[in-house]
Amino acid sequence: MAPTREMSLETKERIVKLLEEGNSSRMVAKDVGCSQSAVSKIWTKYKQHGMVVKAKRTGRPRKTSKRQDKQLKHKWEEAGANVCDRTVRNRLKEMGFQYRKAKRKPSLTPKHKRTRLQWAKERQSWTVDDWMKVIFSDESRICIGQGDHAGTFVWCRSSEIYEEACLKKTTKFPQSLMIWGCMSGKVYIDILDSFLIPSIEQMFGDNEIIFQDDNASCHRAKTVKAFLGERHIQSMSWPANSPDLNPIENLWWKLKKMVHKKAPTCKADLATAIKESWHQIDAEYCLSLIKSMPQRLKAVIKAKGGATKY
């Protein structure tokens, strides 16, 4: 038997109105074009609820009991329920699960998590003013034609997916430039001497600052430590595999997007695009990243040293 179509709300309201005017159910049924029994049901429900209500559909009956749902939540393979894939997905949705793309995050061992948690707890009382004294550093590689990490979408027919205009072309060895490169200890000292020290003098003068860099071997070389010590620059300890604690990572993301929009085609153009984009980043954006540090620490503590959204 074919399923009947739900009667519109307007039709139901008209039925009620005609009946209230004193018309018989037979006349009303003939007027609206439905059966007399349907008119009677609508009138009965109207008297019960005081309004025209939409019929509640029971839908497809559940194939799992509450007990089985509980078992599914803890261990699907032991549920013992003879259900289809759709039922499993429906139960997962009811429990708050969603099918998502896995986030890319650095691998964290138990030791990494303990170190991150301790590091965050030691600095959870720091204010934004305290974090303003920290100079964050990092290195990043920017490649030509590889700044669009979100992917490229095109409108095309199935027969056109490999046509020239529909392809996202890749290069095996793209031209690139490294910013604040990961090099040997001596070269790293040259970078610090040429760029960090003048920046400190320009922005902070004689005020106390803390210099942050990651745990790359060149950053932790004895000669680098001696160089910083001679210049009375306090170096911040840093937990391994923790880019989410370094706000400059967000700056790199923004910079790469800006460079990608300029579409450089050679290294010279890439260098120019990087410099132009760097100067176009406003101070308010950088300040907002520094202000996010207390929230980053709270997130690490809440995750017990695990991965965060940052």
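Model, not experiment: these values are computed from the prediction.

### A word on the overall build of the protein
- Looking only at helices and strands, the protein features 13 helices and five strands.
- Looking at the 310 residues of the protein, the share that counts as buried comes to 30%.
- Accessible surface for the protein amounts to roughly 22,400 Å². Of this, 53% is attributable to carbon and sulfur atoms.

### Some words on the pattern of salt bridges
- Applying the stated rule across the entire model yields four salt bridges.
- With a closest N to O distance of 2.8 Å, Arg116 and Asp244 form a salt bridge. Note that Arg116 is positioned in helix H6 (residues 110–122) and Asp244 in the loop between strand E5 (234–235) and helix H10 (248–262), a separation of 128 residues in sequence.
- Given the relative accessible area of 1%, Arg116 is considered buried.

### Focus on the confidence of the model for the protein
- On average, residues of the protein carry a pLDDT of 77, and 75% of them reach 70 or more.
- Below a pLDDT of 50 lies the segment residues 181–188, which in the model reaches 19 contacts outside its immediate sequence neighbourhood of four places, other chains included.

### Points about the packing of aromatic side chains
- This structure, assessed with the given rule, holds six aromatic pairs.
- Ring plane angle 25° and centroid distance 5.8 Å describe the contact between Trp43 and Tyr46, whose orientation is recorded as stacked. Remark: Tyr46 and Trp43 occur in helix H3 (residues 36–49); sequence separation between them is three residues, near one turn of the helix.
- A relative accessible area of 25% means that Trp43 is categorised as partly exposed.
- Note on Trp119 and Trp131: the rings are 6.1 Å apart at their centroids and 40° apart in plane angle, and the pair reads as tilted. Here Trp119 is found in helix H6, whereas its partner Trp131 is found in helix H7 (residues 128–131), with 12 residues between them in sequence. Neither Trp119 nor Trp131 differs from the other in exposure class; each is buried.
- A connected cluster of aromatic rings, assembled from ring pairs, spans Trp119, Trp126, Trp131, Phe136 and Trp238.

### Focus on the sheet that holds E5
- What the three strands build is an open sheet, ordered E1-E4-E5; its pairing is parallel. With one partner strand each, in any of the chains shown, strand E1 (134–136) and E5 form the two edges of the open sheet.
- Inspection of the sheet shows strand E4 (residues 210–212) paired to E5 by two bridges, in the parallel sense. Within E5, the residue paired with Ile210 across the bridge is Gln234.

Thresholds, definitions, all that
Residues numbered from 1 in each chain as written. Predicted model: local features only at pLDDT ≥ 70, side-chain atom pairs only at ≥ 80, totals over all residues. Heavy atoms only, no water. Helix = DSSP H or I, 4+ residues; strand = E, 2+ residues; numbered from the N terminus. Buried < 20%, exposed > 50% of the residue type's maximum accessible area, 1.4 Å probe, protein only. Areas by Shrake-Rupley, 256 points an atom, 1.4 Å probe, with all protein chains shown as cover. Salt bridge = Lys/Arg side-chain N within 4 Å of Asp/Glu carboxyl O. pLDDT = per-residue confidence, 0-100. Contact = heavy atoms within 4.5 Å. Phe/Tyr/Trp six-rings, centres within 6.5 Å; stacked < 30°, edge-to-face > 60°. Pairing = 2+ DSSP bridges.

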